[in-house]
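Fold and contact review
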Amino acid sequence: MVKMKEARASWLASVFGLAALYVLGTVTPLEDLDSALGGINVTNLLQSSFALLAIFFFNDSVRRLANVDEVRWTYYAPLLILPVMAFSFALIEDKAPTAASFIVSRLDQLPTVVYSGMYMIALLFTVLRTVYMLRHKAKGLYAAFTIGLLVVAAACSCHIAYVALFHFTPWHALALDIGSWWDRLFYSGLSVTAAGWLILFLSKQLARVRLWTADAFWLTALRIRVNADRSRLSPAWDLLNETLENGIYKSLIVLHNYERGNLITFPEPMQDRITRVEAKLDARV
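**Considerations on the overall build of the protein chain**
Tallying secondary structure elements over the protein chain gives 11 helices and 0 strands in all. What you see in the protein chain, going N to C, is helices and strands ordered as α-α-α-α-α-α-α-α-α-α-α. Radius of gyration (C-alpha) of the protein chain: 25 Å, far over the 19 Å computed for a compact globule of 285 residues. Expressed as lengths along the three principal axes of its C-alpha atoms, the size of the protein chain is roughly 85 × 45 × 30 Å. The burial tally for the protein chain puts 45% of its 285 residues in the buried class. Of the roughly 15300 Å² that the protein chain leaves accessible, carbon and sulfur atoms contribute 66%. Treating the 26 positive side-chain charges of the protein chain as one cloud and the 22 negative ones as another, the clouds have centres 8 Å apart.

So, in structure tokens, the structure goes:
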């Protein structure tokens, strides 16, 4: 019902984030999920891809909410990592059996290092880009989830160091110690970021929701009541699929066309409310 550009990107981030969590095996056993995909740890590739997409769309939502308009080709660079990840994953030898420790047990292979390392580099790049976008806005709630993002960046850096040290040096114990910080830093930073983002997003949108929701429902109900649309589903679809303001604007056009087409005028109480809604739209501009 509340559709905005930043909300759409945020919804996509949430969908991909939930998908990433699901293929971790927290809901359905990992062995059951992976067996449907061949039993060769494809779920690990899916989890990495979904997590990267979630972070990317979260970055896009933050950009829109913070009114940062500049987008260069580097903005989409992390998505170019996805085919690299898939290719390097395909080169890993002996990818079975299914295991949560898939990466750890195969770090002696260079394709595993490339696969895991590039994934973390893409995450790190996206997170740092978000922090950079907010460098002039890092106050209040923006500062709160910027701190969370920096903790996530630290987690990614720890994982990159772990992978590189484990494969390219004999310091495996040190690598494992550094790698053990990944979970603690990543999920704590992500929690701070998510909480700060939710509060910020709601604080930005609640005023708009209070201002327009009643009008949007009333105009939609009026369109249904007078049968102003060719399709009975159109009013409900517009309510769900448009921003509140755009949905109201479209409803007003439909209702005015209905009046002209049928050579009628709505009763005075209805007409007065329509006029008040139009005045609010004009005031917005």
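**What about the environment of Leu65?**
Positionally, Leu65 belongs in helix α3 (residues 42-65). Note on Leu65: relative accessible area 6%, which makes it buried.

**Some remarks on the environment of His159**
Note that His159 resides in helix α6 (residues 141-168). A residue is classified by how much of its surface remains accessible, and His159, at 11% relative accessible area, is buried. Apart from the residues within four sequence positions on either side, His159 is in contact with Ser116, Met120 and Trp182.

**Here we look at the pattern of salt bridges**
Side chains that differ in sign of charge can pair as their charged atoms come close. Under the criterion given, the structure shown has 4 salt bridges. A salt bridge links Arg63 to Asp60, with the nearest nitrogen and oxygen atoms 3.1 Å apart. You can see Arg63 and its partner Asp60 sitting in helix α3, 3 residues apart, about one turn around the helix. Its relative accessible area of 9% is what places Asp60 among the buried residues. Between Lys280 and Asp215 there is a salt bridge; the shortest N-O distance is 2.5 Å. Within this pair, whereas Lys280 is found in helix α11 (residues 268-284), its partner Asp215 is found in helix α8 (residues 181-226), the two being separated by 65 residues in sequence. Here the salt bridges share partners, and the residues they tie into one network are Asp215, Arg273 and Lys280.

**Comments concerning the packing of α6 against helix α7 (residues 172-179)**
The N-to-C vectors of α6 and α7 enclose an angle of 165°; their axes lie 8 Å apart at closest approach. Taken together, the axes of α6 and α7 lie roughly antiparallel to each other. When the axes of α6 and α7 are compared, the crossing they make is left-handed. Taken together, the residues of α7 that come into contact with α6 (itself represented by Cys158, Ala161, Tyr162, Leu165 and Phe166) are His172, Leu174, Ala175, Leu176, Ile178 and Gly179.

**Details of the side chain of Thr220**
Within the fold, Thr220 resides in helix α8. There is a polar contact of 2.8 Å between the side chain of Thr220 and the backbone oxygen of Ala216. Non-local contacts of Thr220, meaning those with residues more than four positions away in its chain, are made with Pro235, Ala236 and Leu239.

**Quick word on the nonpolar core**
Core analysis: the biggest nonpolar cluster contains 54 residues, and Leu52, Met85, Tyr115 and Phe145 have the highest contact counts within it. Among the secondary structure elements, those contributing two or more residues to this core are α1 (5-26), α3, α4 (81-91), α5 (110-133), α6 and α8. By size, the runner-up hydrophobic cluster in this structure holds 18 residues, among which are Leu239, Leu244, Ile248 and Leu255.

What counts and what doesn't
- Residues numbered from 1 in each chain as written.
- Predicted model: local features only at pLDDT ≥ 70, side-chain atom pairs only at ≥ 80, totals over all residues.
- Heavy atoms only, no water.
- Helix = DSSP H or I, 4+ residues; strand = E, 2+ residues; numbered from the N terminus.
- Rg over C-alpha atoms; globule rule 2.2 N^0.38 Å.
- Buried < 20%, exposed > 50% of the residue type's maximum accessible area, 1.4 Å probe, protein only.
- Areas by Shrake-Rupley, 256 points an atom, 1.4 Å probe, with all protein chains shown as cover.
- Lys, Arg positive; Asp, Glu negative; His and termini not counted.
- Charge placed at Lys NZ, Arg CZ, Asp CG, Glu CD.
- Contact = heavy atoms within 4.5 Å.
- Salt bridge = Lys/Arg side-chain N within 4 Å of Asp/Glu carboxyl O.
- Axes fitted to C-alpha atoms, helices over the stretch in contact; angles between N-to-C directions.
- Parallel < 35°, antiparallel > 145°, perpendicular 65-115°, else oblique.
- Left-handed = near helix turned anticlockwise from the far one by under 90°.
- Polar contact = N/O pair within 3.5 Å; in protein donor to acceptor, adjacent residues only side chain to side chain.
- Core = buried A, V, L, I, M, F, W, Y, C linked by side-chain atoms within 4.5 Å.

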